[in-house]
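These are the residues of each chain, in order.
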Amino acid sequence: MGPRIGPVGVEPQVPDKDNKAMMSTGDTPGDKVSPDSQDLRPSVFHSIKFFVLCHSLLQLAQLMISGYLKSSISTVEKRFGLSSQTSGLLAAFNEVGNTALIVFVSYFGSRVHRPRLIGCGAILVALAGLLMTLPHFISEPYRYDHTSPADVPQDLEASLCLPTTSAPAPSNGSGCSSYTEARHLAVVGIMFTAQTLLGVGSVPIQPFGISYIDDFAHNNNSPLYLGILFAVTMMGPGMAYGLGGLMLRLYVDIDRMPEGGISLTSKDPRWVGAWWLGFLIAAVAVALAATPYFFFPREMVKEKDELHFRRRVLAVVSKGKDSSSEQTPEESPKKDGPAQIAPDLTVIQFIKVFPRVLLRTLRHPIFLLVVLSQVCLSSMVAGMATFLPKFLERQFSVTASYANMLIGCLSIPSAILGIVVGGILVKRLHLGPLRCSALCLLGALFCLLLSLPLFFMGCPTHQIIGISHQPGAQPGLELLAGCAKSCSCPSDDFNPVCDPSARVEYLTPCHAGCTRRAVEEAPDKSQVFYTNCSCVEGGGPVPAGSCDSACSHLVLPFMLLVSLAAAMSSVTHTPSFMLILRGVKKEDKTLAVGIQFMLLRVLAWMPSPVIHGSAIDTTCMHWAQSCGRRAVCRYYDHDLLRNRFIGLQFFFKTGTLACFALILAILRQQDKEERTKVVTCPGLQQQPLVSEPEKKPEDSRV
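Thresholds applied
- Note on numbering: residues in each chain are counted from 1, in written sequence order.
- Local features in this predicted model are restricted to residues whose pLDDT is 70 or higher, and side-chain atom pairs enter the listing and the counts only when it is 80 or higher, whereas totals over whole chains, interfaces and linings include all residues.
- The side-chain quantities take in all heavy atoms of the structure and omit both hydrogens and water.
- Axes here mean lines fitted to C-alpha atoms, for a helix over just the part in contact, with angles spanning 0 to 180 degrees between N-to-C directions.
- In DSSP terms, a helix is any run of H or I states spanning at least four residues, a strand is any run of E spanning at least two, and both are numbered starting from the N terminus.
- Here the angle decides the label: under 35 degrees means roughly parallel, over 145 means roughly antiparallel, 65 to 115 means roughly perpendicular, and every other value means oblique.
- Here, residues are in contact when the closest pair of their heavy atoms is within 4.5 Å.
- All residues other than Ala, Val, Leu, Ile, Met, Phe, Trp, Tyr, Cys, Pro, Asp, Glu, Lys and Arg, Gly among them, are scored as polar; the first ten of these are nonpolar and the last four charged.
- For two strands to be treated as a pair, DSSP must find no fewer than two bridges joining them.
- For Phe, Tyr and Trp, rings pair up if their centres lie within 6.5 Å, where Trp contributes its six-membered ring, and each pair is then called stacked (planes under 30 degrees apart), edge-to-face (over 60) or tilted (otherwise).
- By definition, being over a ring means that NZ of Lys or CZ of Arg is both within 6 Å of the ring centre and within 35 degrees of the ring normal.
- Should a side-chain nitrogen of Lys or Arg be within 4 Å of a carboxyl oxygen of Asp or Glu, the pair is scored as a salt bridge.
- Burial status follows relative accessibility: with a 1.4 Å probe on protein chains alone, a residue under 20% of its type maximum counts as buried, one over 50% as exposed, and anything between as partly exposed.
- Here, the term disulfide refers to a pair of cysteine sulfur atoms separated by no more than 2.5 Å.

Asker: Is there a simple way to think about the packing of helix H11 (residues 222-233) against helix H12 (residues 235-247) in this case?
Answerer: Axis angle and axis distance: for two packed helices, these are the angle between their axes and the distance between the axes, and together they describe the pair. Orientation of H11 relative to H12, taken along the N-to-C sense of each, is 15°, at an axis distance of 5 Å. On the basis of the axis angle, H11 is roughly parallel to H12. Two secondary-structure elements touch here, H11 through Ala231, Val232 and Thr233 and H12 through Met235, Gly236 and Pro237. Of the residues assigned to the contact of H11 with H12, the class counts are four nonpolar, two polar and no charged.

Given below as structure tokens:
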């Protein structure tokens, strides 16, 4: 579940010999940089090291705000009455704007002021984060008991068993005016717009930042800087889940608490945490991290030890090996690939060239299979990252805060560790394409095997009085014939109580026949009880809230297996990426990486959350109704939820394994053909994936 690395290197590189010309012709006086002026007037904004620091912090904050919605997806569903399919579409919508614009990054390249464009994109991301908080401020305060009038304390008498003559009037349609529906549509529209702007603002941040570092960092230092950048960036999703865990402990209306407080606890299924506060904090962090970018120059002088390094390399590599990144700008041969000639193309010409390169690249079997394997893997990661917190809440009866803490502390670090281990294995063992594919196959196999026990780690839904146990059917309330027959229970109420002795949950205290409510005060929190319940043996008391799951002790073993599987799947990240770099022509390498990430967004990160959300919706047993429309799901069939959610993950993992098996078979066939050629032409031996020193700058750009 590691972070997605954007299309690194889709930015065409600018030769060093053009730096001075560009600095003297299109920049403001503050952007002009020359060695003499920099020595006389040193500035921190002319240091590539300071740029690396700023960009690490910016990408950390940007990934934190992008991943925060996933940590609070179930809370947003409850607050605004959304189905899992709608919330999955909302989570995937930030890929829409990103995918629509990412291809043109390779065209604009150095024609723009990259630091300033990064700063503008980051400001747009911050504004999108602030826009995500707007629904909280324009909506009415959250009422967890919709049956009680506004001037009556919530949870007081509305849910009790009252005779028909003294029962409150039904609230169906009382608040369902056209204005209410219009406001709901406006709130949902604002969140979708904010997610789209979030994707648009993220477009220039990673590609332009990485190409800027690679342009002006010392050739030997560029991989180190990029490694630091990625290491810091990977912590973003973990911090997003950690932030979600902290914010969801607070009540949603912490800024406008009702008089007398609330009687809910975070374990109550009606609890809604302060989801909006995390967006506010993350947006401020992005805005602060974006400020320095407006002071960086368009071009800066390369690090001073570049010439010494070049002389040292040329002294060692004296056989005239062809390496464009180590040759002087005057000796660098001009490449003919579309990514290299993009600065000489107009937008129309670039659009015409791109489909030809796309088709030529997709015809390569290794590239196509690697991309398909990464599509399956990314689909699994996207679904898990979006709905795993909700799955833990429902399956093991844990709070949203605790679920986010588990993911942020276990799954995300495991995925980061897997990526690092995969990179170390490729480099230390000097793995060739064949062994890299074998490593990918082993990682996918172990990931699949670790998923098998997850099907059996759970328990069925306990008995719930008041709903039908037919998943997918519109339930009709089924009251007990005797004990609650005289009660007038509202059909749209949701205030669950639990009979712990019989492990039976009632939709409301009215369904349990309870006529009285008592509050047990405590220094830290108050507990609500209902007494005189005709349907409960002994008359109660019964505590408010849902019954705890009988399988709650399995949440830690479940998360350990998920984390190990995430580590195994992450091991395949680096070797599969290197298979792409060695599987296409050298002149098409830059755009091939861009095509790869574009396909991952279109085929995995956009549809996968919607697919997982739709599968989760099919396991719902009881839907809440809002103004005659289906709103949030109140109860799920736990066995169906587990089998369909884990089964969907298992399906994508099987697809990944099949693709890597085909890649290994093709490479073995190619290896046999290479061995036959070695007899007559020994120079055609298989090249290791860990490049020689002269190829490091080319790899670091990609």
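Asker: I tried to follow the sheet that holds strand E4 (residues 516-520) on my own but got confused; where do I start?
Answerer: For sheets, the rule is that strands pair by backbone hydrogen bonds, running either parallel or antiparallel. The strand order across the open sheet built from three strands is E4-E5-E6, with neighbouring strands paired in antiparallel fashion. At either margin of the open sheet sits one strand with a lone partner, and together these are E4 and strand E6 (542-543).

Asker: Help me understand the packing of aromatic side chains, please; the structure alone is not making it clear to me.
Answerer: Given two aromatic rings, their pairing is described by the distance between the two centres and the angle made by the two planes. What the rule picks out here adds up to 22 aromatic pairs. For the ring pair phenylalanine 137 and tryptophan 276, a centre distance of 5.4 Å and an interplane angle of 70° mean the geometry is edge-to-face. With phenylalanine 137 in helix H8 (residues 114-138) and tryptophan 276 in helix H13 (residues 275-290), this residue pair connects regions lying 139 residues apart in the sequence. An aromatic cluster of at least three residues, connected via ring pairs, comprises Phe45, Phe50, Phe51, Tyr212, Phe216, Tyr293, Phe295 and Phe296. We note arginine 79 situated over the ring of phenylalanine 80; from NZ or CZ to the ring centre the distance is 5.3 Å. Here the guanidinium or amino end of arginine 630 rests over the ring plane of tryptophan 623, the centre of that ring lying 3.9 Å away.

Asker: Would you explain the pattern of salt bridges in this entry?
Answerer: Opposite charge on two side chains permits them to pair, given that their charged atoms come into close proximity. Counted by the stated rule, this structure contains eight salt bridges. Between glutamate 140 and arginine 183 there is a salt bridge, with its nearest N and O atoms 3.5 Å apart. Of the two residues, glutamate 140 sits in the loop between H8 and helix H9 (178-202) while arginine 183 sits in helix H9, which places them 43 residues apart along the sequence. Its salt-bridge partner being arginine 675, residue aspartate 671 comes within 3.2 Å of it at the nearest N-O pair. Taken together, the residues aspartate 671 and arginine 675, both in helix H24 (residues 638-680) and four residues apart, mark about one turn of the helix. Take arginine 675: its relative accessible area is 59%, and that puts it in the exposed class.

Asker: I keep staring at the state of the cysteines and nothing clicks. Help me out?
Answerer: Throughout this description, disulfide means a covalent bond between two cysteine sulfur atoms. Scanning all chains against the criterion turns up four disulfides. Across the disulfide, cysteine 498 is cross-linked to cysteine 547 (sulfur-sulfur distance 1.9 Å). Note on the cysteine 498 and cysteine 547 pair: the S-S dihedral is about 105°, so by sign convention the disulfide is right-handed. Of this pair, cysteine 498 sits in strand E2 (residues 497-499) while cysteine 547 sits in the loop between E6 and helix H20 (555-571), and the two are 49 residues apart along the sequence. The burial state of cysteine 498 is the same as that of cysteine 547; both residues are buried. Residue cysteine 659 stays outside any disulfide, its sulfur separated by 5.0 Å from that of cysteine 376, the closest cysteine.

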